[in-house]
Amino acid sequence: GAGVSQTPSNKVTEKGKYVELRCDPISGHTALYWYRQSLGQGPEFLIYFQGTGAADDSGLPNDRFFAVRPEGSVSTLKIQRTERGDSAVYLCASSFVGGREQFFGPGTRLTVL
Amino acid sequence: AQSVTQLDSQVPVFEEAPVELRCNYSSSVSVYLFWYVQYPNQGLQLLLKYLSGSTLVESINGFEAEFNKSQTSFHLRKPSVHISDTAEYFCAAYQGAQKLVFGQGTRLTINP
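So, a few notes on the structure that sits alongside this text. Keep in mind that what you see is a predicted model, and the values were worked out from it rather than measured.

A word on the overall build of chain B
- Scanning chain B for helices and strands turns up zero helices and 12 strands.
- N-terminal to C-terminal, the α/β element order of chain B is β-β-β-β-β-β-β-β-β-β-β-β.
- For chain B, the C-alpha radius of gyration of 13 Å lies close to 13 Å, the compact-globule estimate for 112 residues.
- By its C-alpha atoms, chain B is 40 × 30 × 25 Å across when sized along the principal axes.
- When each of the 112 residues of chain B is scored for burial, the buried share is 47%.
- Accessible area of chain B: about 5,500 Å², with a carbon and sulfur share of 49%.
- Computed over 7 positive and 9 negative side-chain charges, the separation of the two mean positions in chain B equals 11 Å.

Concerning the pairing of strand 8 (residues 75–79) of chain A
Residue and element names in this part refer to chain A.
- Burial within strand 8 is extensive, with four of its five residues counted as buried.
- Of the pairings in the sheet, the one linking strand 3 (residues 19–24) to strand 8 comprises five bridges and is antiparallel in character. Each bridged residue has a counterpart across the sheet, and for L21 the counterpart in strand 8 is L77.
- As defined by bridge partners, strand 7 (residues 65–68) adjoins strand 8 across four bridges and the pair is classed as antiparallel. Bridging from a neighbouring strand, A67 pairs with L77 of strand 8.
- Here strand 7 folds back onto strand 8 in antiparallel fashion, the turn holding six residues, of which G72 has a positive phi close to 75°.

Some details on the layout of surface pockets
- Size it by volume and the largest pocket reaches roughly 640 Å³.
- Lining of the largest pocket is provided by 30 residues; of these, Q37, V89 and R109 of chain A together with Q38 and N41 of chain B occupy positions nearest its centre.
- Mapped onto the lining of the largest pocket, the elements with two or more residues apiece are strand 9 (88–95) and strand 11 (108–112) of chain A together with strand 10 (87–95) and strand 12 (106–111) of chain B.
- Among the residues making up the lining of the largest pocket, the classes are represented as 11 nonpolar, 16 polar and three charged.
- For the second largest pocket, the lining is made up of 19 residues, of which P43, E44 and F45 of chain A together with V101 and F102 of chain B are closest to its centre.

Quick look at the state of the cysteines
All names here are of chain A.
- For the structure shown, the criterion picks out two disulfides over all chains.
- With its sulfur 1.8 Å from that of its partner, C23 forms a disulfide with C92. An S-S torsion of about -65° defines the bridge between C23 and C92 as left-handed. In this pair, C23 sits in strand 3 while C92 sits in strand 9, placing the two residues 69 residues apart along the sequence. Across the pair, exposure class does not vary: C23 and C92 are buried alike.

Parameters and conventions
- Residues numbered from 1 in each chain as written.
- Chains lettered and ligands numbered in written order.
- Predicted model: local features only at pLDDT ≥ 70, side-chain atom pairs only at ≥ 80, totals over all residues.
- Heavy atoms only, no water.
- Helix = DSSP H or I, 4+ residues; strand = E, 2+ residues; numbered from the N terminus.
- Rg over C-alpha atoms; globule rule 2.2 N^0.38 Å.
- Buried < 20%, exposed > 50% of the residue type's maximum accessible area, 1.4 Å probe, protein only.
- Areas by Shrake-Rupley, 256 points an atom, 1.4 Å probe, with all protein chains shown as cover.
- Lys, Arg positive; Asp, Glu negative; His and termini not counted.
- Charge placed at Lys NZ, Arg CZ, Asp CG, Glu CD.
- Pairing = 2+ DSSP bridges.
- 1 Å grid on protein atoms, 1.4 Å probe; cavity = no way out; pocket = protein on both sides within 12 Å on 5 of 7 lines; lining within 4 Å.
- Points joined across faces, edges and corners; volume = space filled by probe spheres on them.
- Nonpolar A, V, L, I, M, F, W, Y, C, P; charged D, E, K, R; others polar.
- Disulfide = S-S within 2.5 Å.

See the structure below:
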């Protein structure tokens, strides 16, 4: 079956611009997660959705970052006024409710010039 | 203190040699422990997991890891590596109900 998909695979933008990153979870997975992986580091948690609601957004670094999941399936991570420090690979994962295994997508590489 | 610590950032080994990638965890995480692998230009894939039961867990491609509560470790081992094992390996644990915390990763390089 289809895994987690993320679009675009690469995004280059200029400092100060707005970007949207999309995640399509595995069908039937109600839990969805966003992580950020900077160069040479392990992934860092950003936000977790259970259905349509953000159950834990403690990892969002500041109010420029926002994520939605309006219908409980596809999610969009939105970054306003991008900064060079936002450059990283943004990973999305999904799982069943209460599932301990998270399935990761291939990531979106964001480069802010 | 780091919640999940991988003690080696890079591990070079020769093909067919044994390898151990070290992982230690702190009391701030649960003992649901994972090893993920990231092959070049690919996404994260689950390699193996410890949730409960037997402290020794195995993957389908010959890796194994042992949960050691007294040493707060979950080291990954393989008795004989192949070129195809070249990848970055991440140890992870849950902090809270659903948040995975990752180590910084260990780059495994296999030399012929």
